[in-house]
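Given next are the chains, with one letter for each unit.
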Amino acid sequence: MNTLTHAVGDSATMVGRQFRHMVRYPSLTLMLAGQAIVLLLLFVYVFGGAMGTGAGAATSRADYLEYITPGIMMIAVASAALGTAISVATDMTEGIVARFRTMAIARVSVLTGHVVGSLFQALLCVALVTGVALLLGFRPTAGPGGWLAALGLVLMVSFALVWLSVALGLVSKTVESASNLPMPLVFLPFLSSGFVPTETLPTGLRWFAEYQPFTPVIETLRGLLMGTGTGGSGVAAVAWCAGVTLVSYLWARKLYNRDPAA
Amino acid sequence: MAQHTPRTAITATGLRKSYGDHVVLDGVDLEIPAGTVFSLLGPNGAGKTTIVKILSTLIGADGGRARVLGHDVATEPDAVRAAIGVTGQYSAVDGLLTGHENLMLMARLHRLDRARARRRTAELLERFDLVDAAGKPASTYSGGMRRRLDLAMTLVGEPRLIFLDEPTTGLDPRSRRGMWEIIRGLVADGVTVFLTTQYLEEADQLADGIAVLDHGTLVAEGTAAELKRRIPGGHVRLRFTRADELESAARALGGETDDDALALRVPGDGGVASLRSLLDRLDTASITPEELSVHTPALDDVFLALTGHRGTDENERKAGR
């Protein structure tokens, strides 16, 4: 038995622990997905009629549903990431992580358990949101390749945001602050091309919206699902995901390896 | 593991730790023989938990060296971790999992195969009286049950050295006695126990060796009996009905008089032999006290005697440590 098999085995055990938590308390997953679903319904049925007549390419409620679904998917991912930060912080404030740290197990396994568990949770949230969008009349034109690429992108974004949330959960001293810190992630998709074309925004906001990471991700996702082409935003989306993942992973690892606070 | 057990379980020299300007440990030396119960006695904030954290590889020391079961805590943390078990002050159980699942989680992390994991889990649930609660989430357990589950989880890996950080703080007297029985059982199995406590009585009941920690330094070490001998807090109090009885008793026995209460305070450990000789002397002088009471030293007396200050002041605000 070598270090790697131990790391894999311990990580699998920790992933199992996270899944058990999810099965035992499905209300958290449902609440996180529910948040995005409520936003979807709100935008489509309350704003959709008005937006459909003027917002860029959208000329009807159905068009607007098509336009915002990728943005709502990102909100679902960000909500799931919020759940990650909360569960990491909960773990850290209870004695259980101190116990894990004094056992001869692979150190990384505690974080791996959270990341894999949260990744699954994020995908579940996105699947629920997509399911509701399909029921409302969302009709993507993507072929199998487009769907697969979209799934890959959702996975990459989730991976990046989950690692970022792990770090945010670790840096928080209390569970309360862990539930507040990632809040901007949930709002960031609103300040992108997710809900209105950036051309309609005032200059400063427009500049921000065009350069923030959610815009290329949403543009790419929209292009893949609707088969309209990604217009070069794909490279930016992938680069953002890779960058955020790397920085967050290094940050989280550093936070986890430091001595726990007295 | 076919490794031989070193005769010394823990050696530490000059352990130091500070948080900012606050010095928590200021040069602590320890030598703990294997197979014994060692008790670190001290008030909240004395640095007990910090020592446990350093020796159990949870945090690093700023200075000094420590070896646990022959391994250096700083350079071979995984070898130390493989041989120890830690039950901290705050229960380290997964509240969302059941008692059974918590133990199975530990068994898996100790890489027991499925059959052995199940056997060990069943055995520990039985031993810690948790069979009926095994299927319930640990968050629904009472304080005493959580502690028992916590300790059971620590024992899954059959550690040769166990750290128990204030294992009975916050428990009712019955659960406390139950915990003492469990600790005695561990020692009978040859496990070394490092116990921290705020209660002299607990150290007295369980420990072979005691060290008293105050403001990050050890102020006394020895057996319970040795420590108590150094403490003037133990005394016999005699109360009389008349002032002349008090006077003649004071002449016969010495000690401190309290004229207002008509009481005499005679230093002594309250043991049967010293009490018998005291009563003999009273008999000889034909004095019969109205009332006799034996006062054994409390932790506060220990601190007052050893450090010149009460143990519990200024520490309430640091209780979170």
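Residues numbered from 1 in each chain as written. Chains lettered and ligands numbered in written order. Predicted model: local features only at pLDDT ≥ 70, side-chain atom pairs only at ≥ 80, totals over all residues. Heavy atoms only, no water.

Participant: With reference to specific residues and values, describe the overall build of chain B.
Facilitator: When its secondary structure is counted, chain B shows eleven helices and 14 strands. Burial analysis of chain B (321 residues in total) assigns 48% to the buried set. Taking the contacts inside chain B whose residues are at least 6 apart along the sequence as the reference set, 67% of them involve residues at least 24 apart. Carbon and sulfur atoms provide 48% of the accessible area of chain B, an area that totals close to 14,800 Å². (Helix = DSSP H or I, 4+ residues; strand = E, 2+ residues; numbered from the N terminus. Buried < 20%, exposed > 50% of the residue type's maximum accessible area, 1.4 Å probe, protein only. Contact = heavy atoms within 4.5 Å. Areas by Shrake-Rupley, 256 points an atom, 1.4 Å probe, with all protein chains shown as cover.)

Participant: I'd love a proper account of the overall build of chain A, names of residues and values included.
Facilitator: In terms of helices and strands, chain A carries eleven helices and zero strands. By the compact-globule yardstick of 18 Å for 262 residues, chain A fits well, its C-alpha radius of gyration being 19 Å. Projecting the C-alpha coordinates of chain A onto the three principal axes gives extents of approximately 60 × 35 × 30 Å. For chain A, with 262 residues in total, the buried portion stands at 49%. Sequence separation of at least 24 residues holds for 80% of the intrachain contacts in chain A that already meet a minimum separation of 6. (Rg over C-alpha atoms; globule rule 2.2 N^0.38 Å.)

Participant: Tell me about the domain arrangement of chain B, and name the residues and values.
Facilitator: The domain boundaries assigned to chain B delineate domain 1 (8-93 + 141-229) and domain 2 (235-296). On a C-alpha basis, the centroid separation for the pair domain 1 of chain B and domain 2 of chain B is 40 Å. (Domains from an automatic or database assignment.)

Participant: An account of the UniProt feature "transmembrane region" (unreviewed entry) in chain A is needed here, citing residue identities and associated values.
Facilitator: Residue and element names in this part refer to chain A. Mapped onto the present numbering, the UniProt feature "transmembrane region" (unreviewed entry) falls on residues 27-47, 67-89, 110-135, 147-171, 178-196 and 231-252. For the annotated span residues 67-89, helix accounts for 100% and strand for 0% of the residues, and the straight-line distance between the end C-alpha atoms is 35 Å. Regarding residues 110-135, the helix share stands at 100% and the strand share at 0%, and the terminal C-alpha atoms are separated by 38 Å. (UniProt positions renumbered as here; feature names shortened; annotations may be inferred.)

Participant: I'd like a rundown of the environment of A:G34, residues and numbers included.
Facilitator: Counting through the fold element by element, A:G34 comes out in helix 2 (residues 26-54). Given a relative accessible area of 24%, A:G34 falls into the partly exposed group.

Participant: Can you lay out the nonpolar core for me, pointing to particular residues and giving the numbers?
Facilitator: Ranked by internal contacts, the top residues of the largest apolar core, which has 65 residues, are A:F100 and A:V166. Among the elements that line this core, the one with the most residues is helix 3 (residues 99-109) of chain B, at six residues. Setting aside chain neighbours within four positions, we find A:V166 in contact with A:T84, A:V88, A:L111, A:V115 and A:A252. Ranked by size, the runner-up nonpolar core spans 44 residues in total, among them A:A76, A:V126, A:V132 and A:A237. (Core = buried A, V, L, I, M, F, W, Y, C linked by side-chain atoms within 4.5 Å.)

Participant: Let's hear about the interface of chain A and chain B: which residues, and what values?
Facilitator: Listed as interface residues are 27 residues of chain A and, on the opposing side, 32 residues of chain B. In total, chain A and chain B occlude about 2,600 Å² of area from one another, counting both sides; carbon and sulfur atoms represent 58% of this. Here chain A is connected to chain B by five salt bridges. A salt bridge links A:R20 to B:E101, with the nearest nitrogen and oxygen atoms 2.8 Å apart. Counting the contacts that link chain A with chain B gives ten residue pairs in polar contact (both at pLDDT 80 or more). (Buried area = accessible area lost by both parts, 1.4 Å probe. Salt bridge = Lys/Arg side-chain N within 4 Å of Asp/Glu carboxyl O. Polar contact = N/O pair within 3.5 Å; in protein donor to acceptor, adjacent residues only side chain to side chain.)

Participant: Can you break down a negative patch on the surface residue by residue, with the values?
Facilitator: All names here are of chain B. A contiguous patch of negative charge, built from E247, E256, D258, D259 and D260, is present on the exposed surface. As for its position among the elements, E256 is in strand 12 (residues 256-258). Judged by relative accessible area, E256 falls into the exposed class, the value being 54%. (Patch = residues over 30% accessible without salt bridge, like charges linked within 9 Å, V, L, I, M, F, W, Y side chains within 5 Å. Lys, Arg positive; Asp, Glu negative; His and termini not counted. Charge placed at Lys NZ, Arg CZ, Asp CG, Glu CD.)

Participant: Give a description of the environment of A:L168 that names residues and reports values.
Facilitator: Considering the arrangement of structural elements, one finds A:L168 in helix 6 (residues 144-171). Beyond its immediate sequence surroundings of up to four residues, A:L168 is in contact with A:L181, A:P182 and A:W251.

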